[in-house]
Amino acid sequence: MIRIIPAIDIVSGHCVRLTKGDYGSVKQYDVDPFDMARRFEDCGVKRIHLVDLDGARLSAPANLKVLESIATNSSLDIEWGGGIAGKEALEAVFNAGAGHAIIGSIAALKPQLFADWLGQYGGERIILGADVKDGRIAVKGWMEQTALSIEKMVEDFLPCGLKEVICTDISRDGMLQGPSVELYTGLQGNYPELSFTVSGGISSMEDIIRLDALGLKSVIVGKAIYENRISLKDLELWSLKG
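The structure reproduced in this document is the subject of the present report. From a predicted model like this one, the values you see are computed outputs, not experimental measurements. (Residues numbered from 1 in each chain as written. Predicted model: local features only at pLDDT ≥ 70, side-chain atom pairs only at ≥ 80, totals over all residues. Heavy atoms only, no water.)

With respect to the layout of surface pockets
Heads up, the rule is: Buried and open spaces are told apart on a 1 Å grid over the protein atoms alone, a cavity being a set of points where a 1.4 Å probe fits but cannot get out and a pocket being an open set with protein on both sides within 12 Å along at least five of seven lines. Residues with an atom within 4 Å of a point are the lining residues. Grid points are joined across faces, edges and corners, and a volume is the space filled by probe spheres set on the points. Basically, the charged four are Asp, Glu, Lys and Arg, the nonpolar ten are Ala, Val, Leu, Ile, Met, Phe, Trp, Tyr, Cys and Pro, and anything else, Gly included, counts as polar. To qualify as a helix, a DSSP run of H or I must reach at least 4 residues; to qualify as a strand, a run of E must reach at least 2; elements of each kind are numbered from the N terminus.
One number sums up the size of the largest pocket: a volume of about 770 Å³. Residue classes in the lining of the largest pocket are distributed as 21 nonpolar, 17 polar and seven charged. Taken as a whole, the second largest pocket encloses approximately 190 Å³ of empty space. Every residue along the wall of the second largest pocket is listed here: M1, I2, R3, I4, G44, V45, K46, R47, L235, W238, S239 and G242. Looking at the lining of the second largest pocket, the elements with two or more residues in it are β1 (3-11) and α11 (232-241).

Structure (C-alpha cells):
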C-alpha cells in the first residue's frame, strides 16, 4: 500500500505553502509546525516531509530549531530538504534529528559530492530530490533551471547506491489539479529497483487511491491537507489500513 508522507513547508518558523514553487505566492497557515507534526503522528503517520524554504533560498539550513523540536518530542521519521549545500550542513541536519536528507541542488550541480554522500551515508539516508520543470531539473529553491533530465540524474547515481527519489513536478505543485501520473508510472516502470515518491498536485484521496492502484510506493501530500481537501481522519483511516 502506498505510504502517505505529509509535508510541512517552513518559512520563518511558520507552516506555509507555495504555488508552483513561487516564493511570491506564499500562503501562511495558522498552525505551528510542531503542532502539525504531532497531529500527523496522532493520526498514525510514520514519516513526515519537512522543507526549509528559507534554507533553500539561503543555501544553508535556517529552521533547524523546528526540526530539533519535532525530532526530540515525537517518534516521527523525518525527511528534511532545504539548504543542504555542504557537508557541515548535512551533518547539522542529521544531528538535529532528521533520519533522511533530501539533496537536490548539490546532486545536480556537484554530482561527485552527492555520489560521495551516497557512499558514506547510504541510500537509506540520502534521498535524491529531483524537482522537474518542463522536463528539466530545477535547483536553488526551484529558482534556476538546468539542462539535466531526471532520467540522466537517476542513471548517473544508480551505480552509487541510490535507492530513493522524490520527484516533484513543479508545474503541479500547490495547484490541487492531480499529479503527473504518467511521469511517475514511467519512472517507476523504468527503474523498478528504486522507490519513487510522488510530489505535486495531490488534490484528494481519490488521487492517492489511483496512485496506489498503479503501484506507486510513496506520495507527499501538502496543500490538500491544509486546504481541507484531505482530512486528518482520512490520514488516520489510511494508516489503519496499513
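Next comes the rest of the description.
Considerations on the packing of aromatic side chains
For clarity, the threshold we go by: When two rings of Phe, Tyr or Trp (its six-membered ring) have centres within 6.5 Å they constitute a pair, described as stacked for plane angles under 30 degrees, edge-to-face for angles over 60, and tilted for the intermediate range. Relative accessibility under 20% of the residue-type maximum defines a buried residue, over 50% an exposed one, and the middle range a partly exposed one, all with a 1.4 Å probe and only protein chains included. For a lysine, the NZ atom is tested; for an arginine, the CZ atom; a charge sits over a ring if that atom is within 6 Å of the ring centre and within 35 degrees of the ring normal.
Summed over all chains, the structure comprises four aromatic pairs. For the ring pair F94 and Y121, a centre distance of 5.4 Å and an interplane angle of 50° mean the geometry is tilted. You can see F94 sitting in helix α4 (residues 87-95) and its partner Y121 sitting in helix α6 (residues 111-121), a full 27 residues away along the chain. The exposure class assigned to Y121 is buried, which follows from its relative accessible area of 16%. Both rings, one in F114 and one in F157, keep their centres 4.6 Å apart while their planes meet at 70°; by these two values the pair is edge-to-face. Of this pair, F114 sits in helix α6 while F157 sits in helix α7 (residues 150-157); the two residues are 43 residues apart in sequence, bridging distant segments of the chain. Taking relative accessible area as the criterion, F114 reaches 0% and is therefore assigned buried. According to the relative accessible area criterion, F157 is buried, its value standing at 4%. Note that R125 overlies the ring of F94, its terminal NZ or CZ placed 3.8 Å from the centroid.

So, the nonpolar core
Here is the rule: Residues belong to one nonpolar core when they are buried, are Ala, Val, Leu, Ile, Met, Phe, Trp, Tyr or Cys, and are joined through side-chain atoms within 4.5 Å. What makes two residues a contact is simply this: any of their non-hydrogen atoms within 4.5 Å.
By size, the foremost hydrophobic cluster in this structure holds 71 residues, and its most contacted members are I8, I48, F114, I126 and I208. Broken down by element, this core gets its largest block of residues, five residues, from α6. In this structure I208 touches I2, I4, I202, V219, V221, I230 and W238, once residues within four positions along its chain are discounted. The next biggest cluster of nonpolar side chains, apart from the first, holds seven residues, and it includes V16, Y23, L53 and A56.

Notes on the pairing of strand β4 (residues 47-52)
The condition that has to hold: Strands pair, by our definition, only if DSSP identifies at least two bridges between them.
Of all six residues in β4, six are buried, a share of seventy percent or more. With four bridges connecting them, β1 and β4 associate as parallel partners. Each residue of the ladder has a partner; that of I10, found in β4, is D52.

So, the pattern of salt bridges
Cut-off, in case you're wondering: By definition, a salt bridge exists where a carboxyl oxygen of Asp or Glu is found within 4 Å of a side-chain nitrogen of Lys or Arg.
For the structure shown, the criterion picks out ten salt bridges. We note a salt bridge from K163 to E124, for which the minimum N-O separation is 3.9 Å. Residue K163 is found in the loop between α7 and β10 (164-169), and its partner E124 is found in the loop between α6 and β7 (126-133); the two are separated by 39 residues along the sequence. For K163, a relative accessible area of 40% corresponds to the partly exposed category. Put simply, D156 and K152 hold a salt bridge, and the shortest N to O gap is 3.2 Å. With D156 and K152 both in helix α7, this residue pair falls four residues apart, about one helical turn. A relative accessible area of 38% means that D156 is categorised as partly exposed.

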